[in-house]
Amino acid sequence: MCTAEATASLLQAEEAFSACLARIDALILKPLLQAEPSDQKGKENFKLFVLLNDRFQALWNLTEENYRILKQKCSTSEPFCIQDIYTVWKGDLFLSLYIQYFVTFANYVVVHGFEHATKSKSEAWKHHKTVLKQFLTDFTSETSMSLALYTVLHKPIRDHIEQYILLLTKLKEVLKEGSEKDVVTSAIKEYVKLESFISQVLDEACFTKSLWKSLSYKFTDMLCVPERRLLEDSKNLPISASTNRSDRILLFDDVLVLIQGNSFQSFDLKLVWVDENHREKSAPGLYGLRIITPEETFFLSAKDPQMKAVWQWKLNQAVRQALNGKRDFPLWGKTGEGTEPPSCRFFTYVFRLEGKFKSATYEGEWHWGKPHGKGTLKWRDGRNHVGDFKEGLEHGFGICLVPRRSEDRYDCYKCHWYEGKMRGYGICEYGNDMVYKGYFKDDMRQGFGILENVSPEHTFKYTGQWENDKKNGYGVWEDKDRGERYIGTWLDDHKHGQGIVVTQSGVCYQRTFHADKMVGSGILLLEDDSVYEGNFTEDLTFVGKGKLSFANGFILEGTFTNKSGQGLQTHGILNTSNEQLDNRITKAQLGLEEFPVEKRWKGIYDQFLEFIHSGCKEEMEESFTGFHIRTSKELRKSQEYLFCQRGTEDVSWKIEDILEELVQHQALGSLQSYLEKALKSSLHPLGKLLKALTIAFQATYSGIGANRHLLTMAQEEVKYYAKKIWEFYQGLLHLALEQKGQLPTKSLDGDTSDQRAYSVVLPLILPCFYPELFMLYMLYHEREDDLYCQGIVDLSLFPDIKLLEFLDVQKHLWPLKDLTLTTNQRRSLIKDKCFLSATECLQKLITTVDPREKLVILQKTYEEIESTVSRVVEKDYKLPMDDLLPLLMYVVSRAKIQHLGAEIHLIRDLMDPTNQGGLYDFLLTALESCYEHIQRMRLHQRENCHVAHSS
């Protein structure tokens, strides 16, 4: 047979088939379409019959179109090719329409459609009944009208598919090897599959129809739907459920049903997992399968392994096809291919049983019957959780909304969960305008955290330790309405223990608190530098026994009373024997004994220690450092960070990379570079730690907390930060080396841990704390700096030569050559020309925050002075101390550095201890002497003026 003969045979077949479809349409479909029933069941079946008619018409139209194309081709003299055979070239379209028809036909069979149709009382139907019977005898010998209808609406179509296969097989035999033969071979395979598919679909429909006949109306009313197919029945292939929980087990293509007496349970196959490798042993002589669903797990037991294998295969096939949303083609594929459904799935489920998730709807990823991966939980009461799940519990980052009962607002938690409870870093935006940013444990605030009320009615902020969801331990409370800050200890949300209160007016005091009430005596530091020791009220009124020390040295000791309308009264002794300023009074430092530096901010350090002790696991890293950088776009939009605003950073700080780099950067030069980069990144654990400490430091000492009586507290805190960061760096390094099986190397230069903290870490972290810390130094040395500034103003009035002369600089060291004259200028009037390079160098002292760099600037200033002197005397000249001090004082007076006292003492307090006793120490001492000498000059002038005025 050639292509032309095949086309002619196909044309003949299509012509005969089209005529057959026309007769079926006229004698069966049209009369039935005119016989619309009035009962509810009949109406539902009628809708299905209308759909079946639509499928039939589409099939008929395609056949007619194919017939027209073939007839047109046969009427021309053009040679035939494979493209002319529509059933081959448009095979997908043919298959699709045949599949749609037979699936709808099977649906109609399942609901006893033909039985209902033949019982129609329509006149149109009765008129055609006799003609129809005659027509049906051409196709079947069946006497039952419903069975005859069933046969005539599928047998001619199946026969025509067989004819397609026969014609295409003959065509294949005459074609030569090549692409055309391959196309025909492929088409034959698809039509063979279609034949198998139709057979299976009709078998399933009859099997399901028989089931609905055997069940009571109670079950069929709830279970019978046209699209549902019975795949297996425990009456047909025996199997039983565990604990005698069912009389009968039915496997449908979408649900698994367990029938017990007059009730049943159904399980959506999309959320059914079949486990044959369960650990539980079956009863002797039984072979079991564990069936896992979201809320129940049970066992199916068969008496022999073959039955178990068949049920397992059919269950897996059914689950896989349900997940795919369509049946296989043909319905049952090869036994060994594609039978295992995925263990990870995405689906929506409403929890029914008692428990944490009762009545909640979960939409998201599943794994072996439990929420696992990304998902969303929604409760009927308005609660909502979006985030990560693990083995059925919230685990990882998530956002949870909890409605407030009394008001139409929500509490919003953005947190890290661990095994169903909040644990690690998180943010809660409460519906009452309060925001908590910090750490949680077991759904409670625990560790370091910040609670802030952003409502304008009562604005406050707490930064500190939490325990069992309450303020406990060391913390800082700022009440913006009252304009005061409390720094001290807490117990169960109350100020309790030692505390320091700093007010906006500059007054500060230290007291013992008990449940928010002041008890016992305390120390009150007033704005005028007076100090009161004794008892006083909340409005700072003196009461009872006390001692008032004035800034001028006078002391008033006695009993204080404050009667209404009479003001403050006292009965005691005024001691005026000491008339000098007492720095122990004016510069008293608070909190040093009461709040040992190692006991402040334990919550921050504890989080880091827990992270290291966990072995720096990835999930612990996310819990410690905050939300993971790689989250979905929607979640990332809603993320806020306590210690950082995560942007796009050049460096990826994965924990495995961090530990690897730590090992590679142990040498001092490399280490400093690495630490600088790490401490600047909010994604690196050390950078996260530094950011947390910066927040705590600013909460204590910025704004209202900028009080000179807190300087020593702040200074020792910064030093301790450096020490702890170095300790934690060492902890990370030891862990990295341990994981590599290496031992930590000993320091070759013999530096101790404290020395490394001061020399390596302190200069790197100081910029974070410098603004607040230097402000405290400025306030502490305010009086001395005022005297110094007045002295500088006085000295600036001198021209260069007069100033050199006034400061007793030896004349042979004067750089007179630098005094270039212009017209009508006198040398004696020129200013700011001598030692200009040294002056400009010293002015750079305020351009850096690093004490080490400040000392280098001081050394360069000294070198510039020596260089200038050497140029004047025209030889190398090493300045003795007697010459250096006057020259340095000249340079200092011309540099006009503000707050020089604060600068000097900051350098002195925070310089590397290894520099003590060396050149840097000597130069700093010389600068300090100049500073003090300028102050004494001004003080001496004031005293002289005072004496002159008195006389």
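Counting restarts for each chain, with residues numbered from 1 along the sequence as it is written. Confidence filtering applies because this is a predicted model: local features only for residues at pLDDT of at least 70, side-chain atom pairs given and counted only at 80 or more, and all residues used for totals across whole chains, interfaces and linings. Excluded from the side-chain calculation are hydrogens and water; included are all heavy atoms of the structure.

1. So, helix H19 (residues 711-739)
Then comes step 1: A run of DSSP states H or I qualifies as a helix once it reaches four residues; a run of E qualifies as a strand once it reaches two. Both are numbered from the N-terminal end. In this scheme, a helix's expected span is set at 1.5 Å multiplied by one less than its residue total. For H19, built from 29 residues, the straight-helix expectation of 42 Å at 1.5 Å per residue is met to within 8% by its first-to-last C-alpha distance of 42 Å.
Then comes step 2: Where H19 ends, the next residue or the one after it, Gly741, has phi of about 75 degrees, a positive value.

2. Re the nonpolar core
One broad trend across soluble globular proteins is that nonpolar side chains are buried collectively.
Then comes step 1: Among the nonpolar cores identified, the biggest contains 79 residues, and Trp601, Leu686, Ile725, Ile765 and Leu773 are the most heavily contacted of them.
Then comes step 2: The leading source of residues in this core is H19, at 16 residues.
Then comes step 3: Apart from residues no more than four positions distant in its own chain, Ile725 is found in contact with Leu679, Leu686, Leu689, Leu690, Leu693, Val761 and Ile765.
Then comes step 4: Counting 73 residues, the second-largest nonpolar core is a separate cluster that includes Ile24, Phe56, Tyr86 and Val88. To define a nonpolar core, start from buried Ala, Val, Leu, Ile, Met, Phe, Trp, Tyr and Cys residues and group those joined through side-chain atoms within 4.5 Å. Residue exposure (1.4 Å probe, protein chains only): buried if accessible area is under 20% of the type maximum, exposed if over 50%, otherwise partly exposed. Whether two residues are in contact is decided by their heavy atoms, any of which lying within 4.5 Å being enough.

3. Structural notes on the sheet that holds strand E6 (residues 273-275)
Strand pairing in a sheet relies on backbone hydrogen bonds, with the paired strands running either antiparallel or parallel.
Then comes step 1: Spatially, E2-E8-E7-E6 is the arrangement adopted by the four strands of the open sheet, whose pairing is antiparallel. If you trace the sheet from one side to the other, it starts and ends with strand E2 (240-241) and E6, each paired once.
Then comes step 2: Only strands joined by at least two bridges in the DSSP assignment are considered to pair. In this sheet, strand E8 (residues 297-302) lies alongside E2 in antiparallel orientation, the contact comprising two bridges. When the sheet's bridge partners are listed, Ala241 is paired in E8 with Leu300.
Then comes step 3: The axes are straight lines fitted to the C-alpha atoms, using for helices just the contacting stretch, and the angles between their N-to-C directions are given from 0 to 180°. Of the strands in this sheet, E6, strand E7 (287-292) and E8 are in contact with helix H11 (residues 305-324), which crosses E7 at around 20 degrees.

4. Observations regarding the confidence of the model for the chain
Where the model shows low pLDDT, its predicted coordinates should not be examined in detail.
Then comes step 1: Scored between 0 and 100, pLDDT is the confidence that the predictor attaches to each residue. Residues of the chain with pLDDT of at least 70 account for 86%, and the chain-wide mean is 84.
Then comes step 2: Counting interchain partners and residues more than four positions distant, the pLDDT-below-50 stretch residues 627-651 has 55 contacts.

5. Describing the environment of Lys811
Then comes step 1: You can see Lys811 is positioned in the loop between helix H22 (800-806) and helix H23 (836-843).
Then comes step 2: Measuring from C-alpha to C-alpha, the distance between Lys811 and Ile801 comes to 9.3 Å, with ten residues separating the pair along the chain.

6. Description of the pairing of strand E22 (residues 508-514)
Then comes step 1: Most of E22 sits out of view: five of its seven residues are buried.
Then comes step 2: The sheet contact formed by strand E21 (residues 494-503) and E22 spans six bridges and is antiparallel. Pairing of Gln498 across the sheet is with Thr512, part of E22.
Then comes step 3: Hairpin remark: E21 followed by E22, antiparallel, with four residues in the connecting loop; positive phi at Gly506, about 105 degrees.
Then comes step 4: Note: E22 against strand E23 (residues 517-525), six bridges, orientation antiparallel. Residue pairing across strands places Phe513 opposite Met518, the latter belonging to E23.
Then comes step 5: Connecting E22 to the next strand, E23, in antiparallel fashion are two residues, including Ala515 with a positive phi near 50 degrees.

7. Some points on unusual backbone geometry
Then comes step 1: The omega angle of the peptide bond from Phe329 to Pro330 is -5 degrees, so this bond is cis rather than trans.
Then comes step 2: Mapped onto the elements, Pro330 comes out in the loop between H11 and strand E9 (344-350).
Then comes step 3: One non-glycine residue, Glu391, lies in positive phi territory at about 50 degrees.
Then comes step 4: By relative accessible area, Glu391 is classed as exposed at 54%.
Then comes step 5: For Asp492, which is not a glycine, the phi torsion comes out positive at approximately 50 degrees.
Then comes step 6: Examined against the element boundaries, Asp492 turns out to sit in the loop between strand E20 (484-491) and E21.
Then comes step 7: Since its relative accessible area comes to 40%, Asp492 is described here as partly exposed.

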